[in-house]
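Spelled out from the first residue to the last, the chains are:
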Amino acid sequence: MLQTKHLSKDFIQGDSTIHALIDFSFDFPKGITAIMGPSGSGKTTLLNLLAGFDQPSQGEVHLAGKRIDNLSEDARSDIRLHHSGFIFQNWSLLPTLNAIENVAFPMLLAGASKEKRLAKAETLLESFGLKHRAKHKASQLSGGEQQRIAIARALILEPQVLFADEPTGNLDSVSGEIVLELLRQHTQDERRLVLVTHDAEVAKMSDRILYFRDGKFEKIEELK
Amino acid sequence: MELINLVFRNLKSRPVRSFLTWLGILVATTSMILFLSFGEGLRKALDSEMQNFGPEIRIVAAGTSAFSAPLPELSPDMLPQLEALKDEIGIETISPLVVMVKGGGFSPTSGFLFYGLNQETSPKLFLPDAKPIQGRLQPHPDGAVVGFKKAEQSNLKIGKTLRLGRDQEVEIVGILEETGTLSDSAIFVPLTVLQDAMGTKNYGTFLLNLNNNVDIEKASQKLEAAFEGIEAQSMSEAMEFAKKSLRIGDFIRFGISAVALIVGALLIANTIMMSVFERTREFGLMRAIGAKQQFIFGLVLTEALFLALTGGLAGVLLGYIGTIIINIISVNYVGIALSALTFRLAFFALSVALVLGLLSGLLPARNASKMPVIKALGRA
Ligand SMILES: Nc1ncnc2c1ncn2[C@@H]1O[C@H](COP(=O)(O)OP(=O)(O)O)[C@@H](O)[C@H]1O
Ligand SMILES: [Mg+2]
């Protein structure tokens, strides 16, 4: 479902080469996998590769039964649309669309009819307790609400993999709790969530923690 | 449809900038319509004058310009002499004429333009389709037949009397149907009455119809050789000259309006470039969610085309209103509709606006769609 093989990423900057990620092989089990490590240890780099935003210098990424690291930009977009969802730290919503349109946007890209899209988005918003915010734009929503809407959007096409890069990094602790609880609720059955965080409290709710340092995978801690 | 909705949302989220760009395209299209509609209007007017004007040659005193009213400087002896040459040159009919402009300078609408016609000549010489809407067609023997526009403007009715000179009066005996040509502003009266009024026995001009297959150029040359101090002007030549200068005018007008259009196109390009730049992260987000490059390309290009199409349509509409206003004014002052918004002009202006929209949207659309998602997200 989600697997890396000898995954490495180098950044060339002038004369020096930064080894941001070094020879990482892992088969992500179902449930929540937290990624921890100090700033600059390669967490975001890894997530970018897993999500198919970027391409590795070496190694492979397999997602939903396909090797994705050598696909074209458009082919990777297609994989993202149908097989994964991403929650960013901030700037998560499309600013010209309101909440319900944001949630429905992946279905628009997938070619669903307007009625179907809005019906499904409304159901999701309702179950997230955000129905009363459906017509609000990002600028009229709190940070916590924005993140919850971003989660609803990531879930609308029912992907098997979710990625989240510090999803609570900009939130107060109460909103953070709500967002984490939502993520936990929706990581069931076969679904996998890869959660980058530097907050030990956040990492505690995961099933396992992978520790990184200087681009190297250090150790795994199984929690459940 | 979804795309249009997204495009519309985006334009609405930056209302002032979108509106100014739209206005730029509107003004550019309107100015092109107005500039070029002059050419179309004049061409239409010329064409109908040309079609309606039968005689191939007009004889005037040397030095009379092609479009001015000829003074009565041709001696009455010329008429029999011309009659004598009829067969040799191949003349079918000879229509002697005097023309008098009274008041209002050269403007046929504020002044009165009289044509003196002899017994054999009918207003049909100028207007083949001429029909009276009231009274009769022929001014002879003692009446005046008034063109439609002149009758309307000066409130001339059947039975009224027109004073031509000190002792010369004619009664209005006919009013002609509207034809849309300069002759709508003319008054046709008997030749001799007008000559009396002008105190002359001379003629102003002879209009000649030639037999079929007679070479107009050769006929003019023969006529100029046969008489001293005259000019035999071929009408088609005069019209050709006018059309040629019209074409030159078209080029100049198109040049000026092209500048306006290029400015309009740069405006769109600039707006779209700026908004693409500002939305880099937004496009990155769309791509991160799963939008393909083509989707972003379409979004940006549609935005440019949407601005160009709506701005262009509004420009054509405003241009149309403009031509109507110009025509109301020009009909009043010069007697012809100077401006015409033909279908082909509207189509041309709209196409130009759209093509410019397309061109100015292509580059930003390409830039926006080709950017790697990792860059657009600001994660690289
Ligand atoms: N686009 C890039 N160009 C050059 N160096 C980069 C780039 N992205 C990340 N890096 C470097 O790679 C290393 C890992 O970065 P990152 O994955 O962002 O770390 P983390 O998310 O754990 O803080 C850092 O040293 C960072 O400076
Ligand atoms: Mg990071």
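Quantities reported herein were computed from a predicted structural model and do not represent experimental measurements.

## Let's talk about the overall build of chain B
Then, in step 1: Along chain B, the regular secondary structure elements total 11 helices and 10 strands.
Then, in step 2: Since a compact globule built from 380 residues should have a radius of gyration of about 21 Å, the 30 Å found for chain B marks it as more spread out than a globular shape.
Then, in step 3: Dimensions along the principal axes, computed over C-alpha positions, put chain B at roughly 100 × 45 × 30 Å.
Then, in step 4: Every one of the 380 residues in chain B was classed for burial, and the buried ones make up 51%.
Then, in step 5: Pairs at least 24 apart in sequence give 78% of the contacts found in chain B among residues at least 6 apart.
Then, in step 6: Carbon and sulfur atoms make up 63% of the accessible area of chain B, which totals about 17,900 Å².

## Here we look at the overall build of chain A
Then, in step 1: Each helix and strand counted, chain A has seven helices and 10 strands in total.
Then, in step 2: Taking 17 Å as the expected radius of gyration for a compact globule of 224 residues, we find that chain A reaches 17 Å, a close match to that expectation.
Then, in step 3: Judged by the C-alpha coordinates and their principal axes, chain A covers about 50 × 40 × 40 Å.
Then, in step 4: Within chain A, residue pairs in contact and separated by at least 24 positions form 66% of the contacts whose partners lie at least 6 positions apart.
Then, in step 5: As presented, chain A carries roughly 9,900 Å² of accessible surface, and 47% of it is formed by carbon and sulfur atoms.
Then, in step 6: Between the centroid of the 27 positive side chains of chain A and the centroid of its 30 negative side chains there is a distance of 5 Å.

## Here we look at the interface of chain A and chain B
Then, in step 1: Tallying the contact residues gives 30 residues for chain A and 22 residues for chain B.
Then, in step 2: When chain A packs against chain B, the two sides together hide about 2,400 Å² of surface, and 60% of this comes from carbon and sulfur.
Then, in step 3: There are three salt bridges connecting chain A and chain B.
Then, in step 4: Here Arg287(B) ties to Glu73(A) by a salt bridge, and the two come within 2.7 Å at their closest N and O atoms.
Then, in step 5: Seen at the junction of chain A and chain B, the total is nine residue pairs in polar contact (both at pLDDT 80 or more).

## Some thoughts on the domain arrangement of chain B
Many authors give the size of an interface as the accessible area that is lost as the parts come together.
Then, in step 1: For chain B, the assigned domains read domain 1 (2-48 + 242-377) and domain 2 (63-228).
Then, in step 2: Once you take the C-alpha centre of each, domain 1 of chain B and domain 2 of chain B turn out to be 49 Å apart.

## Considerations on the environment of Leu36(B)
Then, in step 1: Along the chain, Leu36(B) falls in helix 2 (residues 15-52).
Then, in step 2: Setting aside residues no more than four positions away along its own chain, Leu36(B) makes contact with Asp250(B), Arg253(B), Phe254(B), Leu345(B) and Phe348(B).

## Concerning the packing of aromatic side chains
Residue and element names in this part refer to chain A.
Then, in step 1: Inspection of every chain in the model, using the stated rule, returns 18 aromatic pairs over all chains.
Then, in step 2: On the numbers, 5.1 Å between centres and 70° between planes, the contact of Phe24 with Phe212 is edge-to-face. Linking Phe24 in strand 2 (residues 16-27) with Phe212 in strand 9 (residues 208-213), this pair joins segments that are 188 residues apart in sequence.
Then, in step 3: Grouping aromatic residues by their ring pairs yields a cluster made of Phe24, Phe26, Phe28, Phe212 and Phe217.

## Let's talk about helix 6 (residues 216-226) of chain B
Side chains that are three or four residues apart share a direction in an α-helix, a result of its 3.6 residues per turn.
All names here are of chain B.
Then, in step 1: Burial in helix 6 covers these residues: Ala219, Ser220 and Leu223. On an axial view of helix 6, the arc spanned by its buried residues comes to 100°, and they lie on one face. Exposed side of helix 6, more than 90 degrees from the buried face: Lys218, Gln221 and Ala225 are the residues found there.
Then, in step 2: Where helix 6 is buried, its residues meet strand 1 (57-61), helix 3 (78-89), strand 9 (205-210) and strand 10 (230-234).
Then, in step 3: Of the residues flanking the start of helix 6, the one acting as N-cap is Asp215, its side-chain oxygen 2.9 Å from the backbone nitrogen of Glu217.

## Considering the nonpolar core
Then, in step 1: Formed by 57 residues in total, the largest nonpolar core has its most connected members in Phe105(A), Phe163(A) and Phe295(B).
Then, in step 2: A total of eight residues in this core trace back to one element, the largest contributor, which is helix 9 (residues 293-334) of chain B.
Then, in step 3: If sequence neighbours within four positions are ignored, Phe295(B) has contacts with Phe105(A), Leu108(A), Leu109(A), Leu3(B), Leu6(B) and Met286(B).
Then, in step 4: Ranked by size, the runner-up nonpolar core spans 37 residues in total, among them Ile94(B), Val98(B), Ala144(B) and Ile172(B).

## Observations concerning the packing of helix 3 (residues 99-109) of chain A against helix 4 (residues 114-127) of chain A
Residue and element names in this part refer to chain A.
Then, in step 1: One way to put it is that helix 3 packs onto helix 4 with a least axis distance of 9 Å and a crossing angle of 130°. Viewed along their axes, helix 3 and helix 4 adopt a mutual orientation that is oblique. Every pair of crossing elements has a handedness; the one defined by helix 3 and helix 4 is right-handed. Across the interface between the two elements, Ile100, Val103, Ala104, Met107 and Leu108 from helix 3 touch Lys116, Arg117, Leu118, Lys120, Ala121, Glu122, Leu124 and Leu125 from helix 4.
Then, in step 2: The residue inventory of the contact of helix 3 with helix 4, partitioned by class, reads nine nonpolar, no polar and four charged.

## Some details on the pattern of salt bridges
All names here are of chain A.
Then, in step 1: The full count for this structure, using the stated rule, is 21 salt bridges over all chains.
Then, in step 2: Measuring nitrogen to oxygen at the nearest pair gives 3.6 Å for the salt bridge that ties Lys9 to Asp54. Placement of Lys9 in strand 1 (residues 2-13) and of Asp54 in the loop between helix 1 (43-51) and strand 4 (58-63) is noted, with a sequence separation of 45 residues between them. Each member of the pair, Lys9 together with Asp54, is buried.

## Description of the pairing of strand 6 (residues 84-87) of chain A
Residues and elements named next belong to chain A.
Then, in step 1: With burial as the criterion, each face of strand 6 is covered, one bearing Ser84 and Phe86 and the other bearing Gly85 and Ile87.
Then, in step 2: Pairing between strand 6 and strand 7 (residues 161-165): four bridges, direction parallel. Bridged to Ser84 within strand 7 is Val161.

## Points about a nonpolar patch on the surface
Residue and element names in this part refer to chain B.
Then, in step 1: Residues Leu317, Leu318, Tyr320, Ile321, Ile324, Ile325, Ile328, Ile329 and Tyr333 make up a contiguous nonpolar surface patch of about 910 Å² in total accessible area.
Then, in step 2: Among the structural elements, Ile329 can be located in helix 9.
Then, in step 3: Judged by relative accessible area, which is 47%, Ile329 ranks as partly exposed.

## Digging into the site of ligand 1
Then, in step 1: Gly40(A), Gly42(A), Lys43(A), Thr44(A) and Thr45(A) are the nearest of the 13 residues found near ligand 1.
Then, in step 2: More than one chain lines the surroundings of ligand 1; the residues nearby belong to chains A and B.
Then, in step 3: Taking Lys43(A), its main chain carries an N or O atom lying 2.9 Å from an oxygen atom of ligand 1.
Then, in step 4: Measuring from an oxygen atom of ligand 1, one finds a side-chain N or O atom of Thr44(A) at 2.8 Å.
Then, in step 5: Of all the secondary-structure elements, those providing two or more residues to the shell around ligand 1 are strand 1, strand 2 and helix 1 of chain A.

About the thresholds
- Residues numbered from 1 in each chain as written.
- Chains lettered and ligands numbered in written order.
- Predicted model: local features only at pLDDT ≥ 70, side-chain atom pairs only at ≥ 80, totals over all residues.
- Heavy atoms only, no water.
- Helix = DSSP H or I, 4+ residues; strand = E, 2+ residues; numbered from the N terminus.
- Rg over C-alpha atoms; globule rule 2.2 N^0.38 Å.
- Buried < 20%, exposed > 50% of the residue type's maximum accessible area, 1.4 Å probe, protein only.
- Contact = heavy atoms within 4.5 Å.
- Areas by Shrake-Rupley, 256 points an atom, 1.4 Å probe, with all protein chains shown as cover.
- Lys, Arg positive; Asp, Glu negative; His and termini not counted.
- Charge placed at Lys NZ, Arg CZ, Asp CG, Glu CD.
- Buried area = accessible area lost by both parts, 1.4 Å probe.
- Salt bridge = Lys/Arg side-chain N within 4 Å of Asp/Glu carboxyl O.
- Polar contact = N/O pair within 3.5 Å; in protein donor to acceptor, adjacent residues only side chain to side chain.
- Domains from an automatic or database assignment.
- Phe/Tyr/Trp six-rings, centres within 6.5 Å; stacked < 30°, edge-to-face > 60°.
- Arc of directions from axis to C-beta.
- Core = buried A, V, L, I, M, F, W, Y, C linked by side-chain atoms within 4.5 Å.
- Axes fitted to C-alpha atoms, helices over the stretch in contact; angles between N-to-C directions.
- Parallel < 35°, antiparallel > 145°, perpendicular 65-115°, else oblique.
- Left-handed = near helix turned anticlockwise from the far one by under 90°.
- Nonpolar A, V, L, I, M, F, W, Y, C, P; charged D, E, K, R; others polar.
- Pairing = 2+ DSSP bridges.
- Patch = residues over 30% accessible without salt bridge, like charges linked within 9 Å, V, L, I, M, F, W, Y side chains within 5 Å.
- Near = heavy atom within 4 Å.

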